[in-house]
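Geometric and topological summary
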Amino acid sequence: MIRFQCPNGQFSWDKVSIGFIGAGQMAQAMAKGWIKAGVVKPDRVVASAPTNRNLAAFKELGCSTTNSNVDVLKMSNIIIIAVKPHMIGSVVEDLRSNVDFGTIKKQTIFISVAAGVPLADLEKFHFNAVTSVVRIMTNVAFAECQAMTASCFGSVAYPCTKEVLTMLFEPVGSHISLPESLMNVFVGMSGSGIAFMFSLLEGMSDGGVRLGLPRETSNTIAIQTMLGASLLAQANMGKRKLAELRESVCSPGGTTMAGLYTLEKNAVKAALMEAVEASCKRSEELGCAGKK
Ligand SMILES: NC(=O)c1ccc[n+]([C@@H]2O[C@H](COP(=O)([O-])OP(=O)(O)OC[C@H]3O[C@@H](n4cnc5c(N)ncnc54)[C@H](OP(=O)(O)O)[C@@H]3O)[C@@H](O)[C@H]2O)c1
């Protein structure tokens, strides 16, 4: 039995129960990933949403569902807040009017996945003076246990909370701690960035189709090429720079240089840098909008 001793009591991993407030894209990806990785059993997961349209996917996974956020609060010791950033204020105020926050189990961990919403705003909700509040950002590759997750902690951050986060996020990809000031950059690179990768894949696949390959074959080639590039880059981390890996494929006057010249002429790298910046700014704006 794995137990973490926290200053606010004992967190027993064997009794972990995860509750999602909000059951959309992100919540579903997280539930799928955790169940697939064996982090939690489906009968220890509950999700709430006002309508049943997204809850059906949780039912299919074997999880409990409810239209009451209060039920989620009562049934879970890890609460994932997965509503749109501008909804958080009203969702928490609604909870507050139905539940005495003083009665929430002290070991409960609140985890917000909302883009842009700062910890200071989350902590203003005063869930419970001794309860940990964590802000994370991740992406939909969670469903395939290949997420990139970053987390930062509020003022109540026990070593045991960090251990619980490691148990939650390491089996479903990579997990890093980041200073909160960089969380919106992470939104641009990973939360949103995964869509930039889909766009690149689409472009590569279109390139093959344009020259006569069937779509499915073209998709297979594009996907495996990106996967191979990612794994090779990962295997070489700290050993060879990305530029060296690229250089290693470029023979003078060869085919790769011809293609790379086209990418450079069309400023693809600069476009990606601007895309990360645009997402980062939008995340800041959404966080500010949530305050209104
Ligand atoms: N999607 C991504 O790739 C991604 C990546 C990183 C972070 N995020 C963050 O994840 C959060 C959710 O995004 P999403 O893409 O999953 O959105 P989504 O698919 O639109 O899902 C939002 C969910 O919130 C539910 N909801 C609305 N009002 C509610 C209320 N009062 N109480 C409880 N649930 C309520 C919706 O209910 P219904 O099912 O009834 O409509 C829906 O299930 C956002 O804050 C976003 O910034 C998303």
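As the structure is a prediction and not an experimental result, all values here were calculated from the model. (Residues numbered from 1 in each chain as written. Predicted model: local features only at pLDDT ≥ 70, side-chain atom pairs only at ≥ 80, totals over all residues. Heavy atoms only, no water.)

1. Notes on the UniProt feature "domain: Pyrroline-5-carboxylate reductase catalytic N-terminal" (unreviewed entry) in the protein chain
Annotation from UniProt places "domain: Pyrroline-5-carboxylate reductase catalytic N-terminal" (unreviewed entry) at residues 18-116. This span, residues 18-116, is 37% helix and 19% strand, and a straight line between its end C-alpha atoms measures 23 Å. (UniProt positions renumbered as here; feature names shortened; annotations may be inferred. Helix = DSSP H or I, 4+ residues; strand = E, 2+ residues; numbered from the N terminus.)

2. Digging into the site of the ligand
Close to the ligand lie 25 residues, the nearest being Met 26, Thr 51, Arg 53, Asn 54 and Val 83. Between an oxygen atom of the ligand and a main-chain N or O atom of Gln 25, the distance comes to 3.0 Å. Asn 54 is positioned with one of its side-chain polar atoms (N or O) 2.7 Å from an oxygen atom of the ligand. Taken by itself the ligand offers 900 Å² of open surface, and the protein chains cover 81% of this. A breakdown of the residues in the shell around the ligand according to their chemical character gives 15 nonpolar, eight polar and two charged. (Near = heavy atom within 4 Å. Polar contact = N/O pair within 3.5 Å; in protein donor to acceptor, adjacent residues only side chain to side chain. Areas by Shrake-Rupley, 256 points an atom, 1.4 Å probe, with all protein chains shown as cover. Nonpolar A, V, L, I, M, F, W, Y, C, P; charged D, E, K, R; others polar.)

3. Notes on the domain arrangement of the protein chain
Looking at the assigned domains, one finds that the protein chain contains domain 1 (3-183) and domain 2 (193-288). Its C-alpha centre places domain 1 at a distance of 32 Å from the equivalent point of domain 2. Each partner contributes to the roughly 460 Å² buried at the junction of domain 1 and domain 2, and carbon and sulfur atoms together form 68% of this total. For the interface between domain 1 and domain 2, the tally reads zero salt bridges. The interface formed by domain 1 and domain 2 contains one residue pair in polar contact (both at pLDDT 80 or more). Counted by class, the side of domain 1 that touches domain 2 contains five nonpolar, two polar and one charged residues. (Domains from an automatic or database assignment. Buried area = accessible area lost by both parts, 1.4 Å probe. Salt bridge = Lys/Arg side-chain N within 4 Å of Asp/Glu carboxyl O.)

4. Considerations on unusual backbone geometry
Excluding glycine, residues mostly carry a negative phi; peptide bonds, for their part, are mostly trans. Positive phi values are uncommon outside glycine, yet Cys 145 reaches one of about 60°. In this structure, Cys 145 sits in the loop between strand S8 (132-137) and strand S9 (147-153). Note on Cys 145: relative accessible area 15%, which makes it buried. In the Ramachandran plot, Ala 267 falls in the positive-phi region, its phi being about 50° despite a non-glycine side chain. Tracing the sequence through the fold places Ala 267 in the loop between helix H11 (255-265) and helix H12 (268-291). (Buried < 20%, exposed > 50% of the residue type's maximum accessible area, 1.4 Å probe, protein only.)

5. Thoughts on the UniProt feature "binding site: NADPH" (unreviewed entry) in the protein chain
Residues annotated by UniProt as "binding site: NADPH" (unreviewed entry) correspond here to Asn 69. Within the secondary structure layout, Asn 69 lies in helix H3 (residues 69-75). Given a relative accessible area of 18%, Asn 69 falls into the buried group. When neighbours within four sequence positions are excluded, Asn 69 is seen to be in contact with Ile 21, Ser 48, Val 91 and Leu 95. (Contact = heavy atoms within 4.5 Å.)

6. Some details on the side chain of Thr 66
Relative to the assigned elements, Thr 66 resides in strand S5 (residues 64-66). You can call Thr 66 buried: its relative accessible area is 11%. Of note is the side chain of Thr 66, whose polar atom sits 2.9 Å from the side chain of Asp 71.

7. Focus on a nonpolar patch on the surface
A contiguous nonpolar patch, built from Leu 182, Val 185 and Met 189 and spanning about 270 Å² of accessible area, is present on the exposed surface. The class for Met 189 is exposed, based on a relative accessible area of 57%. (Patch = residues over 30% accessible without salt bridge, like charges linked within 9 Å, V, L, I, M, F, W, Y side chains within 5 Å.)

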